[in-house]
Protein chains: 2
Amino acid sequence: MALIDTGVQAPTRRELLHAIGVMGGASLLYQAMESMGHAAESQFKGPPNLQGARPGASVLVLGAGLAGMLAAIELRKAGYKVEILEYNNRPGGRNWSLYGGDTYTELGGAVQQVGFAKGNYLNPGAWRIPYHHRTILHYCKAFGVALEPFMQLNHQALVHNSKAFGGKPQRYRELAADWDGNVAELLAKAIDNKGLDSELRAEDRDRLKEALRDWGLLDKNMRYSKGLRSSRRRGYDRPLGGGVDAEPIASTPFAFGDLLDARIGGIVAQHMENQHQTTMFQPVGGMGMIGKAFGKQVEGLIRYGAKVTKIDQSGGAVTATYTDIASGETRTAKADYCVCTIPLGILSQIEVDASPGLLAAIAAVPYSNSVKVGLEMKTRFWEDDEAIYGGISYTDQPIAQISYPSGGLHSAGPGVILGAYTFGPASYKFAGMAPEERVRTALEMGAVFHPGRYKEQFSNGVAVAWSRVPFTLGCCAQWNEATRKEHYQTLCAVDDRIVLAGEHASYVGCWMEGALLSSLDAITRLHTRALEA
Amino acid sequence: MALIDTGVQAPTRRELLHAIGVMGGASLLYQAMESMGHAAESQFKGPPNLQGARPGASVLVLGAGLAGMLAAIELRKAGYKVEILEYNNRPGGRNWSLYGGDTYTELGGAVQQVGFAKGNYLNPGAWRIPYHHRTILHYCKAFGVALEPFMQLNHQALVHNSKAFGGKPQRYRELAADWDGNVAELLAKAIDNKGLDSELRAEDRDRLKEALRDWGLLDKNMRYSKGLRSSRRRGYDRPLGGGVDAEPIASTPFAFGDLLDARIGGIVAQHMENQHQTTMFQPVGGMGMIGKAFGKQVEGLIRYGAKVTKIDQSGGAVTATYTDIASGETRTAKADYCVCTIPLGILSQIEVDASPGLLAAIAAVPYSNSVKVGLEMKTRFWEDDEAIYGGISYTDQPIAQISYPSGGLHSAGPGVILGAYTFGPASYKFAGMAPEERVRTALEMGAVFHPGRYKEQFSNGVAVAWSRVPFTLGCCAQWNEATRKEHYQTLCAVDDRIVLAGEHASYVGCWMEGALLSSLDAITRLHTRALEA
């Protein structure tokens with residue numbers, strides 16, 4: 001359409017690509033994007049244009065997370081009658097914020113009353129959106145979710161390694177500056193020592209040295225040395241001032257061995273990852289605003305408090321049996337087709353009428369665990385005292401990191417620090433503690449960064465261990481090369497009348513983007529299946 | 001006071017430091033900060049506590065930029081009668097935003113009517129605030145100026161060098177990733193080639209290689225190679241997707257020679273500079289919001305449209321002669337003391353009654369020039385089409401860079417790109433053009449980044465050449481080592497009844513922070529002088 005549009009407005013690049021995509025499919029689209037000057041940053045090609053559902057055709061969606069709700073939105077647009085069953089009493093699933101006044105009961109029965117001040121929150125699940133996650137960004141705009149920058153890298157934040165600097169945290173800016181400076185100096189020395197004569201032409205060796213001097217802030221002797229030049233990056237002992245006593249005093253770079261001890265290279269690398277690059281976003285008011293906005297789109301379609309116990313697809317229809325949690329009654333919901341977004345750890349415990357291949361795939365993928373702890377502090381002392389605005393301080397302790405809130409930057413009043421975001425074995429250790437012990441432990445460990453203030457300013461906390469979250473029993477699907485090879489395509493394939501969707505049916509595991517891309521792909525194939533039936 | 005406070009609340013770190021500062025002066029303060037765990041990030045020690053001005057004592061402030069207004073605010077608090085003379089009809093000086101509907105007349109008479117849509121603006125002068133500029137941040141909070149993050153580094157933005165890649169701009173993320181990867185690989189090779197045997201112990205060589213593998217995303221053969229590992233940082237040819245066709249396709253790293261051509265090392269270095277590190281800020285609604293907020297604090301004290309022509313300090317008072325621009329009349333203002341914040345390029349053209357040393361200092365410091373061009377685009381195509389949210393694209397053309405707006409991220413509607421921020425000789429070339437030609441030239445050069453969209457989406461523009469700005473005749477004071485040595489202390493010293501303040505009287509040249517720090521230092525010394533008189 002856009003290609004032959006005779007109106008005054010030229011088609012946008014996206015319209016053009018969409019037209020090519022509609023006409024020629026994905027591979028032609030990809031060729032076109034290549035030839036238009038840059039490769040894809042996302043597999044999102046705009047919302048699908050599903051049309052012409054058979055009259056009266058219906059789809060049952062299991063799960064009102066983002067994947068399920070998006071499936072419902074787009075299938076309804078295509079003409080299907082849609083119903084959603086959801087275990088929780090809210091939309092969003094792992095898109096979820098805990099606010100003051102909320103109550104959360106985990107598996108095992110521990111109940112937490114969230115005591116945060118008005119406006120403060122913890123995002124137990126998803127908490128940030130990379131710029132290249134075009135699907136989630138598209139629907140945020142479409143559904144009116146206001147976004148603000150999420151600060152990932154903060155040069156002023158701290159790095160703590162118990163084996164470096166006598167266990168004293170150091171500023172990221174100092175460590176990162178000294179890493180670059182030392183690497184530059186060593187490489188320049190190696191060139192002088194003829195260590196790269198076999199690798200580089202003489203001309204490129206000279207150009208490289210010149211570039212290293214710029215990049216590493218080396219001095220005229222090609223050394224990374226104490227001085228105003230290196231302080232320009234790592235910070236000063238006394239910074240530039242105004243008036244009579246304004247001259248700066250240079251800071252002293254760390255010894256190279258200490259940098260290796262601190263493993264700063266790996267932390268620098270983390271910030272450079274595609275999924276952590278600038279610009280990242282978060283919704284204003286908590287990640288859960290996205291789930292709420294999606295929920296508004298499907299208002300009236302969701303049956304909350306419905307715990308699915310069985311999925312049958314015999315007799316030319318899909319029938320889900322569920323427990324209505326409020327009444328305890330057993331009920332059923334029936335439709336021609338089913339989009340099932342129930343996390344695999346839950347789904348593997350339900351009686352599902354599917355091919356042996358799909359059942360094997362559902363059973364094959366373990367889930368990661370993770371624990372997040374929110375610590376509300378009475379004041380934003382990290383901003384006021386230390387000029388840390390958002391970003392992450394890293395530690396080799398089990399809490400792994402603490403993250404300062406990116407919302408309400410430079411404002412007054414209490415703020416919620418993400419006091420732990422555990423991975424691996426530490427997560428199971430934390431999950432084994434009572435919630436208040438998790439909070440206490442996180443407070444104890446995080447205090448290493450702000451010894452004078454952390455415990456003193458603490459007001460209240462909440463801790464979510466994903467292995468104990470009733471609606472997922474884990475964090476995200478953990479694929480490996482072997483399981484991908486054996487089970488992934490089967491997991492994604494339409495199984496007669498049922499198709500699975502969610503982050504587990506994607507390569508963008510553990511991200512909202514994966515859930516949405518999976519959903520769009522699943523419903524497109526289900527729609528084709530429904531039209532062919 | 002805070003030290004012997006017996007109340008329930010312990011003194012904050014800042015209160016403690018303030019108390020130490022008051023009692024023991026700067027060097028004791030500095031020692032205390034060192035011993036409290038980290039060196040200063042700023043020379044700001046909190047607002048000054050000037051008290052006890054002699055009854056009836058008065059101060060005339062010349063210039064209602066930030067330095068002048070802060071002087072007025074704090075001196076009035078100390079008990080002085082204060083009056084401010086200002087050339088412009090607005091407060092703020094180089095803290096200034098141009099909005100739609102504004103008219104700007106430059107030296108030479110060219111008039112520009114700003115045509116931006118409501119809410120859009122260009123900051124011709126100051127445009128960003130580093131986290132460690134504690135003075136400006138303090139007063140923003142004190143005066144209720146809302147801040148939002150300013151995105152400096154954007155991995156998705158572009159780097160253009162006419163001598164690299166056939167003049168085709170490339171993504172920062174690709175260049176930066178390949179730089180690190182190549183540097184890591186080369187350094188690892190150099191170690192293997194025994195090029196660092198004399199520099200590092202065997203044990204550290206092994207640890208370094210391990211660190212390089214992490215940092216540079218090297219493969220198991222210690223090569224920076226095409227694959228999913230390097231794509232994790234530089235981006236994919238086809239990114240991770242969802243559903244059946246979701247497998248990523250790796251991108252191909254650039255040749256090392258191309259990276260050297262593109263001079264990427266220097267651009268990476270820029271982002272690491274102390275003054276460009278995360279987290280940076282800008283006021284919501286334009287930098288000029290700060291000038292307006294300061295202006296509100298001194299409402300009624302400023303005489304606008306007053307062009308100072310002479311400063312006299314004979315007869316135990318300071319008398320400034322000025323032209324009332326509206327009426328053309330010559331008038332005088334008189335006070336016991338004077339804080340003069342008039343930029344040196346203007347001040348050197350005025351008859352000033354001061355010591356020969358101060359007059360020599362005023363005449364000794366040249367001003368830099370710079371041109372900024374604001375280009376309003378009909379849509380935010382850089383966000384919609386290319387996922388660039390804020391940040392800077394660099395070029396070796398005279399415009400030097402284009403910067404995408406950090407305000408209104410991910411919103412609809414028109415946006416203003418900073419289409420040129422020139423330095424050095426390019427600035428004089430641009431200043432020599434008529435404003436509309438500057439806009440046209442900026443549009444032409446910036447189109448290299450977004451060839452399909454830039455000119456097509458352009459709506460209107462405005463161009464400010466600082467050498468033609470009537471109230472400064474330049475951008476900022478350009479000190480060098482020789483002038484600092486010869487003139488700086490004299491420039492800052494109280495000259496009988498007059499003291500100078502502004503970014504020119506600081507080491508934080510060209511930043512609002514320098515103007516404020518200079519002002520606080522100047523009025524503290526002037527107050528001492530006044531009490532001793």
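Model, not experiment: these values are computed from the prediction.

> Teacher, can you tell me more about the pairing of strand β2 (residues 81–85) of chain B here?
On a regular strand, each side chain points to the face opposite its neighbour's, so the side chains alternate between the two faces of the sheet. Residues and elements named next belong to chain B. The buried fraction of β2 amounts to four of the five residues, a majority that puts the element mostly inside the structure. Sheet topology note: the strand β1 (residues 58–62)/β2 ladder contains five bridges and is parallel. Bridging across to β2, Leu-60 finds its partner in Glu-83. Taken together, β1, helix α2 (residues 66–78) and β2 form a β-α-β motif whose crossover is right-handed. Judged from the two bridges that link them, β2 and strand β11 (residues 302–303) form a sheet pairing that is parallel. Note on β11: the bridge partner recorded for Leu-85 is Arg-303.

> Is there a simple way to think about the interface of chain A and chain B in this case?
Think of interface size as the accessible area that goes away when the parts come together; that is how it is often given. Tallying the contact residues gives 93 residues for chain A and 94 residues for chain B. By residue class, the composition of the side of chain A that touches chain B is 42 nonpolar, 30 polar and 21 charged.

> How should the nonpolar core be read in this particular structure?
One broad trend across soluble globular proteins is that nonpolar side chains are buried collectively. Counting 327 residues, the largest nonpolar core has A:Leu187, A:Cys338, A:Val339, B:Leu187, B:Cys338 and B:Val339 as its most contacted members. If sequence neighbours within four positions are ignored, B:Leu187 has contacts with A:Val183, A:Leu186, A:Leu187, A:Ala190 and B:Leu212.

> Sorry, what's going on with the domain arrangement of chain A here?
Segmentation of chain A into domains returns domain 1 (1–40), domain 2 (42–91 + 289–365 + 477–532), domain 3 (102–156 + 278–284 + 368–468) and domain 4 (172–262). Distance between the C-alpha centres of domain 3 of chain A and domain 4 of chain A: 34 Å.

> Can you walk me through the relation of the copies chain A and chain B in this structure?
Taken together, a rotation about one axis and a shift along it account for how the two chain copies relate. Laying chain A over chain B is done by rotating through 180 degrees and shifting 0.0 Å along the axis; what remains is an RMSD of 0.0 Å. As the rotation angle and translation indicate, the two copies are arranged about a two-fold axis. Minimal C-alpha separation from the rotation axis in chain A is found for A:Gly195, amounting to 2.0 Å. In this assembly, 98% of the residues forming the interface of chain A have copies in chain B that are likewise at the interface, indicating an isologous arrangement.

> How do you make sense of the sheet that holds strand β22 (residues 498–500) of chain A when you look at a structure like this?
The strands making up a sheet associate through hydrogen bonds between their backbones, and the pairing can be parallel or antiparallel. With parallel pairing, the five strands of this open sheet are ordered in space as β11-β2-β1-β15-β22 (chain A). Looking at which strands have only one partner, the edges of the open sheet turn out to be β11 (302–303) and β22 of chain A.

> Looking at this model, I keep getting lost on the sheet that holds β11(B). Mind explaining?
An order of β11-β2-β1-β15-β22 (chain B) is seen for the five strands of this open sheet, with the pairing classed as parallel. Of all strands in the sheet, those with a lone pairing partner are β11 and β22 (498–500) of chain B, marking the two edges.

> I would appreciate a short explanation of the packing of helix α4 (residues 172–192) of chain A against helix α4 (residues 172–192) of chain B in the present structure.
The description of two packed helices rests on the angle between their axes and on the distance between the axes. At a closest axis distance of 10 Å, the pairing of α4(A) and α4(B) adopts a crossing angle of 50 degrees. Here α4(A) lies oblique to α4(B), going by the angle between them. In this structure, α4(A) crosses over α4(B), and the sense of that crossing is left-handed. Across the interface between the two elements, A:Val183, A:Leu186, A:Leu187 and A:Ala190 of α4(A) pack against B:Val183, B:Leu186, B:Leu187 and B:Ala190 of α4(B). Residues that form the contact of α4(A) with α4(B) fall into these classes: eight nonpolar, no polar and no charged.

> Would you mind showing me how to read the environment of A:Tyr87 here?
Residue and element names in this part refer to chain A. Among the secondary structure elements, Tyr-87 is positioned in the loop between β2 (81–85) and β3 (98–99). Overall, Tyr-87 belongs to the buried group, with 21 C-beta atoms counted inside 10 Å. It is 62 Å that separates the C-alpha atoms of Tyr-87 and Arg-207, two residues lying 120 residues apart in sequence. Excluding its chain neighbours within four sequence positions, the residues that come into contact with Tyr-87 are Ala-306, Lys-307 and Phe-471.

> Whenever I open this one, the environment of A:Tyr139 confuses me. Can you help?
Structurally, A:Tyr139 is set in helix α3 (residues 134–142). Residue class for A:Tyr139 comes out buried when judged on the 22 C-beta atoms lying within 10 Å of it.

> Teacher, can you tell me more about helix α16 (residues 481–492) of chain A here?
Since the α-helix turns once every 3.6 residues, residues separated by three or four places project in the same direction. Residue and element names in this part refer to chain A. Along its twelve residues, α16 runs 16 Å from first to last C-alpha, staying within 8% of the 16 Å computed at 1.5 Å per residue. Looking at α16, one finds that the buried residues are Tyr-488, Leu-491 and Cys-492. On an axial view of α16, the arc spanned by its buried residues comes to 75 degrees, and they lie on one face. Exposed and facing more than 90 degrees away from the buried side of α16 are Ala-482 and Lys-485. Looking at the buried side of α16, the elements it contacts are α11 (356–364) and β22.

The rules we used
- Residues numbered from 1 in each chain as written.
- Chains lettered and ligands numbered in written order.
- Predicted model: local features only at pLDDT ≥ 70, side-chain atom pairs only at ≥ 80, totals over all residues.
- Buried ≥ 20, exposed ≤ 12 C-beta atoms within 10 Å, placed from the backbone.
- Helix = DSSP H or I, 4+ residues; strand = E, 2+ residues; numbered from the N terminus.
- Pairing = 2+ DSSP bridges.
- Right-handed = clockwise from strand over helix to strand, strands pointing away.
- Contact = placed C-beta atoms within 7 Å.
- Nonpolar A, V, L, I, M, F, W, Y, C, P; charged D, E, K, R; others polar.
- Core = buried A, V, L, I, M, F, W, Y, C linked by C-beta atoms within 7 Å.
- Domains from an automatic or database assignment.
- Least-squares fit on C-alpha atoms with pLDDT ≥ 70 in both.
- Axes fitted to C-alpha atoms, helices over the stretch in contact; angles between N-to-C directions.
- Parallel < 35°, antiparallel > 145°, perpendicular 65-115°, else oblique.
- Left-handed = near helix turned anticlockwise from the far one by under 90°.
- Expected span 1.5 Å × (residues − 1).
- Arc of directions from axis to C-beta.

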